[in-house]
Amino acid sequence: MFQAESKNYLIRALDSLNINHKEINILALELFYSNLIDWNKNINLTRITEEKDFLIKHVIDSLTILKAFDNNKLENLKIIDIGTGPGFPSLPFWIFFPNNKITLLDSVKKKLSFIENTIIKLNKLDNFYNLENIEIVHSRAEDLAHNINYREKFDLSLNRAVASLNILIELNLPFLKTSSFMLAMKSDKIEDEIKSSNNSLNKIGGKIEKIINFNLFGTDIKRNIILIKKIKKTLKTYPRKTFLIKEKPL
Ligand code: SAM
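Quick summary incoming for the structure in this document. Everything quoted here is computed from the prediction, not taken from an experiment.

## Side note on the overall build of the chain
Step number 1: A count of helical and extended segments in the chain gives 10 helices and seven strands.
Step number 2: Relative to the 2.2 N^0.38 estimate, which gives 18 Å for 250 residues, the radius of gyration of the chain is 18 Å and therefore close to what a compact globule would have.
Step number 3: For the chain, the spread of C-alpha atoms along the principal axes amounts to about 50 × 35 × 35 Å.
Step number 4: Going through the 250 residues of the chain one by one, you find that 53% of them count as buried.
Step number 5: Each charge class in the chain was averaged separately, 38 positive and 29 negative side chains, and the resulting centres sit 6 Å apart.

## Overview of the nonpolar core
Step number 1: Counting residues in each nonpolar core, the largest one holds 55 residues, and the members touching the most others are Leu10, Phe54, Leu63, Phe93 and Leu183.
Step number 2: With eight residues, the top contributor of residues to this core is helix H2 (residues 23–40).
Step number 3: If near-sequence neighbours (up to four positions away) are discounted, Leu10 is found in contact with Phe2, Ile26, Leu29, Leu55, Val59 and Ile60.
Step number 4: The next biggest cluster of nonpolar side chains, apart from the first, holds 28 residues, and it includes Ala141, Leu144, Ile169 and Tyr238.

## Here's the deal with the site of the ligand
Step number 1: Not every one of the 15 residues close to the ligand is listed here, only the nearest: Gly83, Phe88, Asp106, Glu142 and Arg160.
Step number 2: In the environment of the ligand, a nitrogen atom lies 2.8 Å from a nitrogen or oxygen atom belonging to the backbone of Phe88.
Step number 3: The separation between an oxygen atom of the ligand and a polar side-chain atom of Lys111 is 3.0 Å.
Step number 4: Summarising the interface, the protein chains cover 80% of the accessible area of the ligand, which totals 590 Å² for the free molecule.

## What about the pattern of salt bridges?
Step number 1: Scanning all chains against the criterion turns up 14 salt bridges.
Step number 2: Linking Arg140 and Glu142 is a salt bridge whose minimum nitrogen-to-oxygen distance equals 2.8 Å.
Step number 3: With a relative accessible area of 33%, Arg140 lands in the partly exposed category.
Step number 4: The salt bridge partner of Lys186 is Glu193, with a shortest N-O separation of 2.9 Å.

## What about the pairing of strand S1 (residues 78–82)?
Step number 1: Most of S1 sits out of view: four of its five residues are buried.
Step number 2: Here S1 runs beside strand S2 (residues 101–106); their pairing, made up of five bridges, is parallel. For Ile79, the partnering residue across the bridge sits in S2 and is Ile102.
Step number 3: Handedness of the S1-helix H4 (residues 90–96)-S2 crossover: right-handed.

## A closer look at the sheet that holds S2
Backbone-to-backbone hydrogen bonds join strands into a sheet, with any given pair of strands oriented parallel or antiparallel.
Step number 1: The sheet built from seven strands is open, its strands ordered S3-S2-S1-S4-S5-S7-S6 with mixed pairing. Looking along the sheet, the strands with just one partner apiece sit at the ends: strand S3 (134–138) and strand S6 (206–215). Within this sheet the neighbouring strands show an average axis-to-axis angle of 20°, counted without direction.
Step number 2: Across the sheet, helix H5 (residues 109–125) touches S2 and S3, and the angle it forms with S3 is around 165°.

## Description of the pairing of strand S7 (residues 222–230)
Step number 1: The element S7 is largely enclosed, with a buried count of seven among its nine residues.
Step number 2: Of the pairings in the sheet, the one linking strand S5 (residues 176–186) to S7 comprises six bridges and is antiparallel in character. Its bridge partner being in S7, Met185 is matched across the sheet by Ile225.
Step number 3: Hairpin remark: S6 followed by S7, antiparallel, with six residues in the connecting loop; positive phi at Gly218, about 75°.

## Structural notes on helix H7 (residues 165–172)
Step number 1: When you tally the buried positions in H7, you get eight out of eight residues, the bulk of the element.
Step number 2: Among all positions in H7, only Leu165, Asn166, Ile167, Leu168, Ile169, Glu170, Leu171 and Asn172 are buried.

## A word on helix H3 (residues 51–63)
Step number 1: Across its 13 residues, H3 extends 17 Å between first and last C-alpha, which sits within 8% of the 18 Å expected from 1.5 Å per residue.
Step number 2: Most of H3 sits inside the fold, with 10 of its 13 residues counted as buried.
Step number 3: Inspection of H3 places Glu51, Phe54, Leu55, Ile56, His58, Val59, Ile60, Asp61, Ser62 and Leu63 among the buried residues, and these make up the whole buried set.
Step number 4: Residues of H3 that are buried sit in contact with helix H1 (4–16), H2, H4, strand S4 (154–160), S5 and S7.

## Re the packing of H2 against H5
Step number 1: At a minimum axis distance of 10 Å, the contact between H2 and H5 shows a crossing angle of 145°. The hand of the H2/H5 crossing is right-handed. Counted together, Ile24, Leu27, Ala28, Leu31, Phe32, Asn35, Leu36 and Trp39 of H2 and Lys110, Ser113, Phe114, Asn117, Thr118, Lys121, Leu122 and Leu125 of H5 form the full contact between these two elements.
Step number 2: Looking at the contact of H2 with H5, its residues break down into 10 nonpolar, four polar and two charged.

Each value, and the rule that gives it
- Residues numbered from 1 in each chain as written.
- Predicted model: local features only at pLDDT ≥ 70, side-chain atom pairs only at ≥ 80, totals over all residues.
- Heavy atoms only, no water.
- Helix = DSSP H or I, 4+ residues; strand = E, 2+ residues; numbered from the N terminus.
- Rg over C-alpha atoms; globule rule 2.2 N^0.38 Å.
- Buried < 20%, exposed > 50% of the residue type's maximum accessible area, 1.4 Å probe, protein only.
- Lys, Arg positive; Asp, Glu negative; His and termini not counted.
- Charge placed at Lys NZ, Arg CZ, Asp CG, Glu CD.
- Core = buried A, V, L, I, M, F, W, Y, C linked by side-chain atoms within 4.5 Å.
- Contact = heavy atoms within 4.5 Å.
- Near = heavy atom within 4 Å.
- Polar contact = N/O pair within 3.5 Å; in protein donor to acceptor, adjacent residues only side chain to side chain.
- Areas by Shrake-Rupley, 256 points an atom, 1.4 Å probe, with all protein chains shown as cover.
- Salt bridge = Lys/Arg side-chain N within 4 Å of Asp/Glu carboxyl O.
- Pairing = 2+ DSSP bridges.
- Right-handed = clockwise from strand over helix to strand, strands pointing away.
- Axes fitted to C-alpha atoms, helices over the stretch in contact; angles between N-to-C directions.
- Expected span 1.5 Å × (residues − 1).
- Left-handed = near helix turned anticlockwise from the far one by under 90°.
- Nonpolar A, V, L, I, M, F, W, Y, C, P; charged D, E, K, R; others polar.

This is the structure in structure tokens:
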């Protein structure tokens, strides 16, 4: 169980994001946290292990994706979390909004094994957490984006701490239906990344819809969310092979 002070912070932070919550959501977060700490003893999943830090820097940070959308309208969507690691930002989001269908993608299998184990435990906790709404995929984004079952199939893509914005645009937009959005979670300084992403936006077909800057609730930790709209179908040549993306970023 979370300590009273941590739980109090969590509830005030959820209120600040207009997220309705029930006891089951808090129980699910407690399960996620204890499983993360357990698995972290054997595989390196996170450096953030203290309970309140976990709530601020992993849970509340992940849930700030809601700031990009009016009235928390993120229901019944098909969402892909690219480079999810141990499940951020999509797993905290799904704990509160489990009727969205989430694909969690990463190129490192052991991180995905942790997610799979956590999801099975969540499902046992309550039928509220339906396994059918979660898909875990072990692949590189640049490979999976050429698979017809994933290409141009998603309503929203999420990324936290995965790559620079110009690279993210090439990795994300191919997964999205036209007029859908990719969301990049960034820390403080983003001006240079924004300037360097023009070529990628033009070539892949995206437009910056909005940039939201804020502090994480109750802290002076600065964050930025960049929301990009896909404005045209992606050419078959994108995304390119891994070495080209790395050595000749757009
Ligand atoms: N998003 C998580 C978070 O915020 O805690 C993990 C961030 S971690 C710094 C970056 C993750 O992205 C790693 O787990 C890495 O394996 C994954 N990753 C990086 N490039 C990738 C790619 N091209 N395709 C799939 N996963 C990728």
